[in-house]
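Coordinate inspection notes
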Amino acid sequence: MPAYVAGKPPAERPGLVTYKLSSNENPYPPLDGVVEVAAEAARRVNRYPDAGSAELYEALSASYQVPVEEVALSTGAVALIFQLVSAYTGPDDEVVFAWRSFEAYPIAVLAAGATAVKVPVTADGRHDLDAMADAITERTKVVFVCTPNNPTGTSVTQTELDAFLAKVPEHVLVVVDEAYAEFVRMDDAVDGVATYRGRSNVVVLRTFSKAYGLAGFRVGYALAPAPIAATLRAMALPFGVNVVAQAAGVASLERQAELLARVDDLTVERARVVEGVRAAGWDIPDAQGNFVWFALGSEDRCAEFAAAADEAGLMVRPYAPEGVRVSIGEVEANTRFIELLASLPR
Ligand SMILES: *Cc1c(COP(=O)(O)O)cnc(C)c1O
């Protein structure tokens, strides 16, 4: 089994404030109101959490205007990926996804004993949906479409997704992983919720980890047709979503407007970073998540890039040999990063 490689924390640099740009976390600390609710919930940790996470299910159902039966909560969207792949695949089955894409997919597939079919992304880091459709065989059980794609940052359009779904046989589950949905600012953006409604084979994954800034609490959810959502709930570890995470999730949905305003600010900051990077002479793909991607194409260039950033007090995330991903962080971190780029060999 390959280990999941997590983004590292920055090394200490005396005299320098260091920044973690390696895990696509939200640089904003949680809202005070959310922290208070979480702290209050921590007083109840001698008891098991509500096994059914009823309040959080209700809040999500109300927020998306979907029946509660179509929601499945778990300990992060990562857990839902494992639950889904274990429920629906086994030896002799194939799972198709783009590559590079989210690192948890091949691990979940291997854990289920199934076979990963990796379809290379295009030169500009986009899903090659035609090639992915062609890769579907009668052994295929699940296809992941990661949009925005982690780590390359590009999104598919709704038109492209619809055309793809029209080609996928109905017995193949299509998982639209929208971990960064709230950060998307483009024409013809995917509307995952509208996409899964009215289809029997589409699952949407969302998370509180990125836009909502609750990565440390581990809570994510799927929106899916009721039978699939029921399967995902059945595959979850009992009492997985803890009492603090449930409370923080509900409190965050109550403060959605304030949290999404921060996401707006992050997308403005992302635009500044993309512009700065391009002005420094680097050709990078469209960035629809809270990160930018450098397709460096060799082990050496990835190592050199990451080491220079580390030296400057910025921890980035190399994916050798393909490239390096850099999260949008604090303004000071982003500015330092743009300045650093001028001195790096292109
Ligand atoms: C971060 C991420 C997730 C899930 O994160 P959780 O913290 O487990 O909710 C899922 N998919 C992609 C593509 C991600 O980048």
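Residues numbered from 1 in each chain as written. Predicted model: local features only at pLDDT ≥ 70, side-chain atom pairs only at ≥ 80, totals over all residues. Heavy atoms only, no water.

As recorded in an unreviewed UniProt entry, the protein goes by the name Aromatic amino acid aminotransferase, listed as coming from Nocardioides albertanoniae. The annotation that UniProt attaches to the protein under Subunit (unreviewed entry) is "Homodimer." (UniProt positions renumbered as here; feature names shortened; annotations may be inferred.)

Glancing now at the nonpolar core. Formed by 86 residues in total, the largest nonpolar core has its most connected members in Phe164, Phe294 and Phe305. Each of domain 1 (19-24 + 257-341) and domain 2 (34-253) contributes no fewer than three residues to this core. Not counting residues up to four positions away in its chain, the partners in contact with Phe305 are Trp282, Phe294, Leu296, Val324, Val326, Phe337, Leu341 and Leu344. Grouped together as the second largest cluster of nonpolar side chains are 28 residues, Leu80, Phe102, Val109 and Ala114 included. (Core = buried A, V, L, I, M, F, W, Y, C linked by side-chain atoms within 4.5 Å. Buried < 20%, exposed > 50% of the residue type's maximum accessible area, 1.4 Å probe, protein only. Domains from an automatic or database assignment. Contact = heavy atoms within 4.5 Å.)

A word on the UniProt feature "modified residue: N6-(pyridoxal phosphate)lysine" (unreviewed entry) in the protein. The UniProt entry lists Lys210 under the feature "modified residue: N6-(pyridoxal phosphate)lysine" (unreviewed entry), expressed in the numbering used here. In this structure, Lys210 sits in the loop between strand S7 (202-207) and strand S8 (220-223). You can call Lys210 buried: its relative accessible area is 14%. Once residues within four sequence positions are removed from consideration, Lys210 is found in contact with Ser23, Asn24, Asn26, Ala179, Tyr180 and Phe183. (Helix = DSSP H or I, 4+ residues; strand = E, 2+ residues; numbered from the N terminus.)

Moving on: the site of the ligand. Taken together, the neighbourhood of the ligand is formed by 13 residues, with Tyr180, Thr207, Ser209, Lys210 and Arg218 sitting nearest. Val78 places a polar main-chain atom, nitrogen or oxygen, 3.0 Å from an oxygen atom of the ligand. Contacts to the ligand include Thr207, whose side-chain N or O atom sits 2.5 Å from an oxygen atom. In isolation the ligand offers 390 Å² of accessible surface; the protein chains occlude 94% of this area. Placement of the ligand is best described as lying within the largest pocket. Broken down by class, the residue content of the shell around the ligand amounts to 6 nonpolar, 4 polar and 3 charged. (Near = heavy atom within 4 Å. Polar contact = N/O pair within 3.5 Å; in protein donor to acceptor, adjacent residues only side chain to side chain. Areas by Shrake-Rupley, 256 points an atom, 1.4 Å probe, with all protein chains shown as cover. 1 Å grid on protein atoms, 1.4 Å probe; cavity = no way out; pocket = protein on both sides within 12 Å on 5 of 7 lines; lining within 4 Å. Sits in = over half its atoms within 2 Å of the grid points. Nonpolar A, V, L, I, M, F, W, Y, C, P; charged D, E, K, R; others polar.)

Going through the model one piece at a time under the given rule, you end up with 0 disulfides. Of all cysteine sulfurs, the one in Cys302 lies closest to Cys146, which takes part in no disulfide; the gap is 19 Å. On the basis of relative accessible area, Cys302 is assigned to the buried category, the value being 1%. (Disulfide = S-S within 2.5 Å.)

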